[in-house]
Amino acid sequence: MAHLTYEESKKSASKIIIILAIITIAEVLFALLGKGYLKEGIEFHPALMGGVMIIMSIVKAYLIIFEFMHMKYEAPGLAKSVLLPTLLLVWGVIAFTWEGSDWFKRRDLIKTKNERPMKDVKVGSVYDSAVTRNIG
Amino acid sequence: MATVETAAHNDTHKDNDGSWEGGSQPFKASYGKLMMWYFLVSDAFTFAGFLIAYGALRFSMPTWPVPDFVFSTTPFNGHGLPLVFVTVMTFILLASSFTMVRAVQEGHEENKRGVVKWMILTIVGGFMFLGCQAWEWNKLIGEEHMSITQNPFGTHTEDGVYLAGDGHYVNEGDTFVAGESYLVHKHDGEWAPLDFKVTSGPDAGMIKSQTLGPKAFGALFFFITGFHGFHVFSGIVIMLIVTINAATGLYIKRKNGYEMIEKVGLYWHFVDLVWVFVFLLFYLL
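Residues numbered from 1 in each chain as written. Chains lettered and ligands numbered in written order. Predicted model: local features only at pLDDT ≥ 70, side-chain atom pairs only at ≥ 80, totals over all residues.

**A look at the domain arrangement of chain B**
Residues and elements named next belong to chain B.
- When the domains of chain B are assigned, the result is domain 1 (27–146 + 216–284) and domain 2 (153–209).
- For domain 1 versus domain 2, the separation of C-alpha centres amounts to 37 Å.
- Listed as interface residues are nine residues of domain 1 and, on the opposing side, six residues of domain 2. (Domains from an automatic or database assignment. Contact = placed C-beta atoms within 7 Å.)

So this is what it looks like as structure tokens:
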């Protein structure tokens, strides 16, 4: 705050809110366009849609934290102690979406196993332990 | 001797003057502001836990309700306007973030009238957002019968043709393709799924009935947007308190550029920040 005069900071706030509004509109239009609502026959690959919208959201998050919350003007140590721990979340997102896809792949296996009549289950048999291991 | 005494006296004076007990402020921030930042870090992890659970469960399901179908109603135009209402909600929250920035700026200028004016606008924005959310929840719970254990929004996994209509949006003979969403209606308190004939895949020719969608959707939606809404509500309460304090002149005496407004502002921007990601995961993707 101390680095800007009152007039400058007023102007900068208006500028940032307009950028945030534009990004939000772009996100919504991109989502609708990519799913074929705006123009027939156009459909983007889900990975492309996801990637572009995640990047736009991160830009929005950056603007809110650094401009609106004035992280830009805080001591570097404060910024690091707040922002670096959130890097753990990158691991969290990757690990758990990975895990989720794995549950998806194993649903059929679990279903088959659950529907197997009890008399067919030989406790301790090679087949049974192999299946158990697969399900984890 | 005299110089040492003066220095000691100055140090004591400095301690009472806002720096922490150690004599100088860590990170050049006041205790309250730094702790607000660390509270927000912990809160970010709580929200991230919820959102990551959403991601993991969504990835584990064969189908997931399409948000453009689930959230396509507005209070004014009825059905068929995907994402319009939630975009309005997003804009309300963004606008209230902007008015909060302005309140903080007026605080730095020690302008009481400006602070109170912009704080009131921010509170109005918060109430408007909560009102929109209440409308959305009411619609989902009251009219569409979504709950934390039941989710009437399903997705077709095969092409087909309906053998019956629901009297609203689906008529007998309507066709659909795999990936299209539907809403199972309730009649007299009972689910009334429609029958359809499959026209694609190995089951072509079979007659099937609509099934309810993944129930995790309802639970995740209500818990995550509810937790966010609860943050908005607490934010409004805290803002009301500091606005009254500011209006009665309490912060003028502190002569610290209305720092309390700045701390509440950090919290309010954080609520906006979380909404960016709730909006992304629930509505856009």
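From this point, the narrative continues.
**Considering helix H5 (residues 112–143) of chain B**
Residue and element names in this part refer to chain B.
- Here H5 spans 46 Å end to end across 32 residues, near enough to the 46 Å set by a 1.5 Å rise per residue.
- Residues of H5 that are buried: Val115, Trp118, Met119, Thr122, Ile123, Gly125, Gly126, Phe129, Glu136 and Leu140.
- Considering only its buried residues, H5 is in contact with helix H4 (84–108), helix H6 (216–247) and helix H8 (259–284). (Helix = DSSP H or I, 4+ residues; strand = E, 2+ residues; numbered from the N terminus. Expected span 1.5 Å × (residues − 1). Buried ≥ 20, exposed ≤ 12 C-beta atoms within 10 Å, placed from the backbone.)

**Quick word on the interface of chain B and chain A**
- Each partner contributes residues to the interface: chain B has 39 residues there, and chain A has 42 residues.
- Mapped onto the side of chain B that touches chain A, the elements with two or more residues apiece are helix H2 (31–60), H4 and H8 of chain B.
- Residues that form the side of chain B that touches chain A fall into these classes: 25 nonpolar, eight polar and six charged. (Nonpolar A, V, L, I, M, F, W, Y, C, P; charged D, E, K, R; others polar.)

**Some points on the environment of B:Ser97**
- With respect to the helices and strands, the residue B:Ser97 is situated in helix H4.
- Its 26 C-beta neighbours within 10 Å are what place B:Ser97 among the buried residues.
- A C-alpha to C-alpha distance of 6.9 Å links B:Ser97 and B:Trp268, two positions 171 residues apart in sequence.
- Not counting residues within four places of it along the chain, the set of residues in contact with B:Ser97 comprises A:Phe68, B:Trp268, B:His269 and B:Asp272.

**Examining the confidence of the model for chain B**
Residue and element names in this part refer to chain B.
- In this model, chain B carries an average pLDDT of 86, and 90% of its residues clear a pLDDT of 70 or more.
- The spread of mean pLDDT over the elements of chain B runs between helix H1 (residues 2–15), the lowest at 45, and H6, the highest at 95.
- Within the model, pLDDT remains below 50 along residues 1–15, and this stretch shows five contacts once partners closer than five positions in the same chain are excluded.
- Model confidence for the complex is summarised by a pTM of 0.85, with the ipTM given as 0.83. (pLDDT = per-residue confidence, 0-100.)

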